[in-house]
Amino acid sequence: MEEKKILIITYYWPPAGGPGVQRWLKFAKYLPDFGWKPIIYTPENPSYPLLDETLMKDVPENIEIVRTKIWEPYQLAEKLNKSNKKFKAGQFDVGNNQSWKSRLSIWVRGNFFIPDARVFWVKPSIQFLEKYLKENKIDTIVTSGPPHSMHLIGLGLKDKLPGLKWIADFRDPWTEISYYKHLKLTKSSDKKHRQLESAVFKNADITLATSYTDAENFRKAGAHAICITNGFDESDAGEKSDKQANQSSMFTLSYIGVLEQLRNPENLWKVLDELVRENDAFAQHFRLKFVGRIDDKILNSIQNTSLKNHILNLGYLSHGKAVEEMQNSEMLLITNFPNESSKGIIPGKIFEYLASGKQILSFGPDQADVAKILDETQAGKHFGYSDNEIVKRFILEKFDLWESGNLSENTQHIEQFSRKNLTKQLTAIL
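Rules used throughout
- Residues numbered from 1 in each chain as written.
- Predicted model: local features only at pLDDT ≥ 70, side-chain atom pairs only at ≥ 80, totals over all residues.
- Heavy atoms only, no water.
- 1 Å grid on protein atoms, 1.4 Å probe; cavity = no way out; pocket = protein on both sides within 12 Å on 5 of 7 lines; lining within 4 Å.
- Points joined across faces, edges and corners; volume = space filled by probe spheres on them.
- Helix = DSSP H or I, 4+ residues; strand = E, 2+ residues; numbered from the N terminus.
- Expected span 1.5 Å × (residues − 1).
- Buried < 20%, exposed > 50% of the residue type's maximum accessible area, 1.4 Å probe, protein only.
- Phe/Tyr/Trp six-rings, centres within 6.5 Å; stacked < 30°, edge-to-face > 60°.
- Lys NZ or Arg CZ within 6 Å of the ring centre and 35° of its normal.
- Contact = heavy atoms within 4.5 Å.
- Pairing = 2+ DSSP bridges.
- Axes fitted to C-alpha atoms, helices over the stretch in contact; angles between N-to-C directions.
- Salt bridge = Lys/Arg side-chain N within 4 Å of Asp/Glu carboxyl O.
- Right-handed = clockwise from strand over helix to strand, strands pointing away.

K.L.:
Help me out: how do you make sense of the layout of surface pockets in this one?
P.N.:
Summary: where empty space remains is shown by rolling a probe the size of a single water molecule over the atoms. Estimates place the volume of the second largest pocket at around 240 Å³. Taken together, 17 residues form the lining of the second largest pocket, with Lys5, Trp36, Asp139, Thr140 and Lys165 sitting closest to its centre. At the level of secondary structure, the elements contributing two or more residues to the lining of the second largest pocket comprise β1 (4-10) and β5 (165-170). If one sorts the elements of the lining of the second largest pocket by residue count, β5 sits on top with three residues.

K.L.:
Just checking my understanding: could you explain helix α1 (residues 19-30) for this structure?
P.N.:
At 3.6 residues per turn, the α-helix brings residues three or four places apart onto the same side. The first and last C-alpha atoms of α1 sit 18 Å apart over 12 residues, in line with the 16 Å expected at 1.5 Å per residue. Of all the residues in α1, the buried ones are Gly20, Val21, Gln22, Arg23, Trp24, Leu25, Lys26, Phe27, Ala28 and Tyr30.

K.L.:
Looking at this structure, how should I read the packing of aromatic side chains?
P.N.:
Note on aromatic pairs: each is described by the distance of the centres and the angle between the planes. Taken as a whole, this structure holds 23 aromatic pairs when the rule is applied. With 5.0 Å between their ring centres and 85° between their planes, Tyr11 and Tyr12 make a pair best called edge-to-face. Each of the two residues, Tyr11 as well as Tyr12, counts as buried. Between Phe201 and Phe218, the aromatic rings sit 5.0 Å apart at their centres with planes inclined by 40°, giving tilted as the arrangement. Residue Phe201 is located in helix α6 (residues 187-203), and its partner Phe218 is located in helix α7 (residues 212-220); the two are separated by 17 residues in the primary sequence. With relative accessibility at 4%, the residue Phe218 sits in the buried group. An aromatic cluster of three or more residues is present, and its members are Phe251, Phe282, Phe286, Phe399 and Trp402. A cation over an aromatic ring shows up here: Arg263 above the ring of Phe337, its NZ or CZ 5.9 Å from the ring centre. The ring of Tyr212 is capped by Lys372, whose NZ or CZ atom sits 4.2 Å from the centre of that ring.

K.L.:
What is the right way to look at the environment of Gly315 in this model?
P.N.:
For Gly315, the location among the structural elements is in strand β10 (residues 311-315). A sequence separation of 25 residues divides Gly315 from Phe290, and the C-alpha atoms of the two residues are 6.9 Å apart. Apart from the residues lying within four places of it in its own chain, the contact partners of Gly315 are Phe290, Val291 and Gly292.

K.L.:
When you look at the sheet that holds strand β4 (residues 140-145) in this model, what are you seeing that I'm missing?
P.N.:
Sheet strands pair via backbone hydrogen bonds, and the direction of the pair is either parallel or antiparallel. Ordered by their spatial adjacency, seven strands build an open sheet running β3-β2-β1-β4-β5-β6-β7, and the pairing between neighbours is parallel. Looking at the sheet topology across the chains shown, the edges are occupied by β3 (64-68) and β7 (225-227). Strand-to-strand twist of the sheet, defined as the mean angle between neighbouring strand axes without regard to direction, takes the value 25°. Running at roughly 115° to strand β6 (residues 206-209), α1 makes contact with β1, β2 (36-43), β4, β5 and β6 of the sheet. The strands touched by helix α4 (residues 122-135) are β1, β2, β3 and β4; relative to β3, the strand with the most contacts, the crossing angle is about 145°.

K.L.:
Just checking my understanding: could you explain the sheet that holds β10 for this structure?
P.N.:
Judged by pairing direction, the sheet is parallel, and its six strands sit side by side in the order β10-β9-β8-β11-β12-β13 without closing on themselves. Of all strands in the sheet, those with a lone pairing partner are β10 and β13 (380-383), marking the two edges. The average angle at which neighbouring strand axes cross in this sheet is 20°, direction not considered. Strand direction decides the pairing type here: strand β9 (residues 286-294) and β10, joined by four bridges, are parallel. Paired with Leu288 across the two strands is Ile311, which belongs to β10.

K.L.:
How do you make sense of the pattern of salt bridges when you look at a structure like this?
P.N.:
Any two side chains of opposite charge can pair if their charged atoms end up close together. Taken as a whole and assessed by the stated rule, the structure comprises 22 salt bridges. Here Lys158 and Asp205 are joined by a salt bridge, their closest N and O atoms 2.7 Å apart. Residue Lys158 is located in helix α5 (residues 149-160), and its partner Asp205 is located in the loop between α6 and β6; the two are separated by 47 residues in the primary sequence. Note on Asp205: relative accessible area 36%, which makes it partly exposed. The salt bridge partner of Lys392 is Glu278, with a shortest N-O separation of 2.9 Å. Of this pair, Lys392 sits in helix α16 (residues 388-403) while Glu278 sits in helix α10 (residues 266-278), and the two are 114 residues apart along the sequence. Owing to a relative accessible area of 12%, Lys392 belongs among the buried residues under this scheme. One network of salt bridges, with partners in common, ties together Lys26, Lys29, Lys57, Asp58, Asp233 and Asp236.

K.L.:
Would you take a moment to explain the pairing of strand β12 (residues 359-363) for this structure?
P.N.:
When a strand is regular, its side chains alternate between the sheet's two faces. In terms of burial, β12 is largely enclosed, as five of its five residues are buried. Of the two faces of β12, the one carrying Gln359, Leu361 and Phe363 and the one carrying Ile360 and Ser362 are both buried. One ladder, built from five bridges, connects strand β11 (residues 331-335) with β12; its direction is parallel. Within β12, the position partnered with Leu332 by the bridge is Ile360. Here β12 runs beside β13; their pairing, made up of four bridges, is parallel. Among the inter-strand pairings, Leu361 is bridged to a residue of β13, identified as Lys381. Since β12 and β13 lie parallel, the crossover through helix α15 (residues 369-377) that links them has a hand, and here it is right-handed.

Pasting the structure below:
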């Protein structure tokens, strides 16, 4: 039987690094197992915030990749202010950390580039793909955002080709994401963002969400929304080394990924500072490890506490090395934005955390989707940003178990989150 074709429109593709690239890279890897031929449409000259050449190994052999040029204004923004490099990854300074240049840059980003700075790729892509889809007899497309400009490509193609089946995949929300309110939008800019988002919801045949709450919110906003979470790839886990199999001499709490100011767990640093000062055994064995990009201002504030000599900052590592560092840890940290509107965000790394079997310490709003997953898998605990005493007890409990050699690993009920099973769900929808 001939494979069915699906065109995946994505800004992020290897050698891009970070979690944004992995969702559709993994879907593309497993789609052929279910009778679908993925074709990738991505920029020829993108400006990626992170690079990870090791992800190239997951790109299927002989996959068709279509590329066209894109113009992005980030070089101009970085000339104005070096910290604008954070914009590429949806990050920026907040509160007292904002200089006048940061405030100006954020205002320009929010009001001049709607929905984002990749918007200049929309019209040429619609023009190119309308012809390409007809010539190659492709009637199913996926747009993956952010950047949400990708959805505007889908919207334009749907207008020109009404019979096209369009799936709009929202890895993160658009106007409901926590940093949206920090964009310093004018009323007219906010209205335009919301009108475009609504048009995507109402015209896409299916809107995919990565969390249960996001899917519910999208349905309330008029979308035909379905949740397919992110997941873990069993082929990424690998075999544990002898070093990993034997108990380490250090009780290591690791954060893997990008840590920005809006998700900074200040209460955790306070708790850990107290534990180091109050508990000699904890102080002797504790290590706080960062793998990825931690905001300089967060790192500087932690280094001004008793934790200074307990920090191991490895910087950005390849995906494979990052997975190894997960396994070389006793506990894994995950953080979310504190406001209630963010309870539907499920950071992609939680699924690889689950696959590692390590205990997970999570921070975010009450009744978060992350809490639901941790309860179901018994893999850790979710806390609010003011739960100091119970956080302290939880960490001490795990430290005492580790010290006695009884800190067990847990991987129950996680097979539902394997990338292959999630791709099977996707093809059922297709």
